[in-house]
Structure formats: structure tokens, C-alpha cells
There are 2 protein chains.
Amino acid sequence: MKTPARRGRGTRGLSRDEVLDATLDLAEERGLDAVSMRGVADRLGVTPMALYRYVGDKQGLLDGLVERLITELPDDDPGLPWQDRLRALGAGIREVARRHPQVFLLLFMRPTVTEEARRARDTVQALLRSAGVPEDVVPPLQRLLDTIGMGLAASEANGRFSGDAADVDRVYDLAEDLLLTAIERYARE
Amino acid sequence: MKTPARRGRGTRGLSRDEVLDATLDLAEERGLDAVSMRGVADRLGVTPMALYRYVGDKQGLLDGLVERLITELPDDDPGLPWQDRLRALGAGIREVARRHPQVFLLLFMRPTVTEEARRARDTVQALLRSAGVPEDVVPPLQRLLDTIGMGLAASEANGRFSGDAADVDRVYDLAEDLLLTAIERYARE
DNA sequence: ACCTGAACACCGTTCAAGT
DNA sequence: ACCTGAACACCGTTCAAGT
């Protein structure tokens, strides 16, 4: 094993961010199954029990991972036309899923009521409003958009879409066409 | 330890179906995390190693679970109008996800190239064809439909949609409206 | 406050052995 | 052919202890 990064002297000086960084690296390199308290601790040159102070328990560690994934999404630029903003968001989700295919599935597993998740949700809702979607349609349509984006990204990243790259692109094009049309339709009503 | 359920005499007479039944029961009662080779074996009154003959390994056990889930989907009735068939399929997926919220997520995790999965895919494609969707749009649209149905069902079943039941129904209504409209549009072109 | 060490009750899986 | 028993290398987590 490589020399452990010994930044702190004596008292190790660990941090929640440091723990989550190590976890995400581990997940990316060796898959979600390799993410264990012991594995993460090894990577930090520390005892497994040292992690409990920063992430609570294993579930807390996974929650932290999801938090990080949402943070990796691109920032929204409200100055652009809403169509471009939507496409940018979709591309962002797709990239995150490609980078962390296994971790990405955790997004489906819990309510995600964290601050970061709230921000992501508000971004999409603001986008829909500026497209002219009536207020009562905004929340359900946002949930539908989220689900479609996450579902496509998760399917592609985990190999559920077998065919070649062109076939997969075709599905995304179809989804984009379908959603833009739908939003425009709701905006007119 | 409690007295083992000694149904067979001497040779136990286990079967793959019996193993998967026990696994699905265990998953439904105590969650996917409780599904272990040892746990399933206990439930069958057998040693963990006895399972390896029927499911290969733990991954094979999970694959078998996914297989079972797909089998629980309702049969398609080609005699009905395609709109009704689509709605029935959606309702079926929703029910399966509600019954097995955690196991359902496994559907996103692998290509699902089994015979059962192929049958389900062909059903949707046949449905689209009978709706008049042109041949080159059928495969990508089927993948999109699958993803949306599975994504919504997974989200609802795992509590990602917080709000009350009416809010969740609203998302499904929106999805249905959007999809029926899109299919009709493609069918006309 | 922050980290360690030992211990407990679990895992999946291999391998040799029993019938 | 089908199942068992013992063993190995792992888990998450608690609890008392060190500094």
C-alpha cells in the first residue's frame, strides 16, 4: 500500500470532507461494493471507528455520497433560454451518472431532503416557471423531469441500454423532443 | 438453534423455485439488506452452501429475484385498445414496485437480458406498433417508456416523492398524458 | 476532542467430507 | 447428486480505553 497521507501531526485532523472524498474515490475505482467503513478508513490511514465521528454510520456515509453527487451537477445559468438550461442539466446528470454509475443508484433509494437536493429541485422549478408553465403544473412536472433524467442516466450508466452509442443517443433525443414539446404545450395553455 | 424444518427425508429435495420464493419472502418482510445466503438458508432449514447448487452465488440469487419481479407483471391483452394496454402495464409496474420497493431497484443495475425481460420488452414494442408508431421509432421509444415507468415506480416506492398521495397521482397523470400525446404524434407522422 | 484496540455478531465463499 | 462442517477473509458497530 502507498504511504498514507499524514497531514495532521499526532491528532490526525480528519474532516467530513476528507472522508467523503476518500469514499467517492474508492467507489469510483473499485465500485460501490468496495465501499466499507474499513476500506475507507484504510485509505485514510486511520481506524474504522475514527469515521463514526464524521459520518455517523455507514448509512450516513452513503447519504454524504449522494450529497456530493448532487453538488457535482453543473450550475444553472438563468440568463440562457430555458431550452438550453434544460439540455445543460440533462447533460450534467448524464455525466455524473457516467462518473459514478453505482453510487448514482442511491439517488433512488431515499427522499433526499438535504439542502443540496432542495436547491436542485428549485432550479428545475424556476426553469419551468420561466418557460411559462402554470404554477399548479410546476411541481409535478419537475418531479417527472427529475425522474426521467435520473432514470435515463441510471439505465445508461449501468448498462441497461445494451445497443451501441447511437441507439442510446436516440433515446435521449427522443426524450428531449418529447419534454420540450410537452413544456411548450403546457406553457401555452 | 430451533429444530430445522425437515420436510424431505434424508435428501432435502430443494429447488431453485423454492429458494427464490424464500428469498422474495425474506426481502418483502425484512428488506433487501436482510437477504443473505445465510438468512435464506435458515428460512429453508438448510445450510448456506446448499443454495450454491441452485443459484450459483449471491449475485445469481439477486438475478433470480429480478427474474421473478418481471414475471409478476400483468399479462398483456392485445385485444384491448393500446391506450388501455399501456395504462394496465403502468399500473402493473407500480404495484410490483410497491410490493418489493428495494428489490425493484435491482432492475436498474444490470442489462436484464433474461428470457422474461425479452418478453416484457417485446410486449411494449408490439403495443407501440399497433398504435401506429413507425418502425424506427419503436425501439428507442420503448426504452424511454420502460425507463419512465420504472423510474416513477422506483421513486414512489422508495419514498423519493414526499408529498401526499394526490401529489403522486398528479405526477402519474402528467406522465400518462405526456406519453399518450407523444405516441399519437409519432403515429400520425 | 479525537482516535485506537479488542470484541461481538454477522457476512460470502472454498474445500473436503459425508450419504 | 445433494447436502454438511469447518475454515477463511471479510463486514458494521459497541464499548472501554488512551492521549
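Rules behind the numbers
- Residues numbered from 1 in each chain as written.
- Chains lettered and ligands numbered in written order.
- Predicted model: local features only at pLDDT ≥ 70, side-chain atom pairs only at ≥ 80, totals over all residues.
- Heavy atoms only, no water.
- Core = buried A, V, L, I, M, F, W, Y, C linked by side-chain atoms within 4.5 Å.
- Buried < 20%, exposed > 50% of the residue type's maximum accessible area, 1.4 Å probe, protein only.
- Contact = heavy atoms within 4.5 Å.
- UniProt positions renumbered as here; feature names shortened; annotations may be inferred.
- Helix = DSSP H or I, 4+ residues; strand = E, 2+ residues; numbered from the N terminus.
- Near = heavy atom within 4 Å.
- Polar contact = N/O pair within 3.5 Å; in protein donor to acceptor, adjacent residues only side chain to side chain.
- Nonpolar A, V, L, I, M, F, W, Y, C, P; charged D, E, K, R; others polar.
- Least-squares fit on C-alpha atoms with pLDDT ≥ 70 in both.
- Buried area = accessible area lost by both parts, 1.4 Å probe.
- Salt bridge = Lys/Arg side-chain N within 4 Å of Asp/Glu carboxyl O.
- Lys, Arg positive; Asp, Glu negative; His and termini not counted.

> Account for the nonpolar core, naming residues and giving values.
Generally speaking, nonpolar side chains in soluble globular proteins are found buried as a group. Judged by nonpolar contacts, the single largest core of 124 residues is most densely connected at A:Leu51, A:Phe104, A:Leu144, B:Leu51, B:Phe104 and B:Leu144. Residue contacts for B:Leu144: discarding those within four places in its chain leaves A:Ile148, A:Leu152, A:Val171, A:Leu174, A:Ala175 and A:Leu178.

> Pulling in residues and values, what's your account of the UniProt feature "DNA-binding region" (unreviewed entry) in chain A?
In this numbering, the UniProt entry assigns the feature "DNA-binding region" (unreviewed entry) to residues 36–55 of chain A. For residues 36–55 of chain A, helix accounts for 60% and strand for 0%, while the C-alpha atoms at its two ends are 13 Å apart.

> Talk me through the protein's contact with DNA strand C; I want residue IDs and the actual numbers.
Taken together, 18 residues form the shell around DNA strand C, and within it A:Arg12, A:Thr47, A:Arg53, A:Tyr54 and B:Arg38 come nearest. Near the protein, meaning within 4 Å, the atoms of DNA strand C are sugar or phosphate in a fraction of 51%, with bases accounting for the rest. Within the side chain of B:Tyr52, a nitrogen or oxygen atom sits 3.1 Å from a phosphate oxygen of DNA strand C. In this structure, a phosphate oxygen belonging to DNA strand C sits 2.9 Å away from a main-chain N or O atom of B:Lys58. Residue composition of the surface near DNA strand C, by class: 8 nonpolar, 4 polar and 6 charged.

> Outline the relation of the copies chain A and chain B, supporting the account with residue identities and numerical values.
Between chain A and chain B, the superposition needs a rotation of 180° and an axial shift of 0.0 Å, giving an RMSD of 0.0 Å. Considering both components of the superposition, the chain copies are consistent with a two-fold axis. A share of 100% of interface residues in chain A that are also interface residues in chain B marks the association as one of identical surfaces.

> Describe the interface of chain A and chain B, naming the residues involved and giving the relevant values.
Across the contact, 39 residues belong to chain A and 39 residues belong to chain B. Between chain A and chain B lies a buried interface of about 3400 Å² when both sides are counted; carbon and sulfur atoms form 65% of it. Interface area lost by chain A to chain B is led by A:Phe108, A:Arg143 and A:Arg160, which between them contribute 22%. For the pair chain A and chain B, the interface holds 4 salt bridges. A salt bridge links A:Asp136 to B:Arg170; the nearest nitrogen and oxygen atoms lie 3.6 Å apart.

> An account of the side chain of A:Arg143 is requested, with residue identities and associated values reported.
Along the chain, A:Arg143 falls in helix α8 (residues 138–157). An unpaired buried charge is present at A:Arg143: no salt bridge exists, and B:Asp167, the closest side chain of opposite charge, is 4.0 Å distant. In this view, A:Arg143 contacts B:Arg160, B:Phe161, B:Ser162, B:Gly163, B:Asp167 and B:Val171; residues no more than four positions away in its chain are not counted.

> Give a detailed account of the protein's contact with DNA strand D, specifying residues and quantitative values.
In the vicinity of DNA strand D there are 18 residues, among which A:Arg38, B:Arg12, B:Thr47, B:Arg53 and B:Tyr54 approach most closely. For DNA strand D, the backbone makes up 51% of the atoms found within 4 Å of the protein, where backbone means sugar plus phosphate. A:Ser36 places a side-chain nitrogen or oxygen 3.3 Å from a phosphate oxygen of DNA strand D. Within the contact set of DNA strand D, a phosphate oxygen lies 3.1 Å away from a side-chain nitrogen or oxygen of A:Tyr52. Mapped onto the surface near DNA strand D, the elements with two or more residues apiece are α2 (37–44) of chain A together with α3 (52–55) of chain B. Considered class by class, the residues forming the surface near DNA strand D number 8 nonpolar, 4 polar and 6 charged.

> How would you sum up the pattern of salt bridges? Please name residues and give values.
The full count for this structure, using the stated rule, is 38 salt bridges over all chains. Between A:Asp84 and A:Arg87 there is a salt bridge whose closest N-O contact spans 3.3 Å. Note that A:Asp84 and A:Arg87 are positioned in helix α5 (residues 82–99) at a spacing of 3 residues, about one turn of the helix. Between B:Arg118 and B:Glu115 there is a salt bridge, and its shortest N-O distance comes to 3.3 Å. Placement of the pair is B:Arg118 and B:Glu115 together in helix α7 (residues 115–130), with a separation of 3 residues, close to one helical turn. What makes B:Glu115 partly exposed here is its relative accessible area of 47%.

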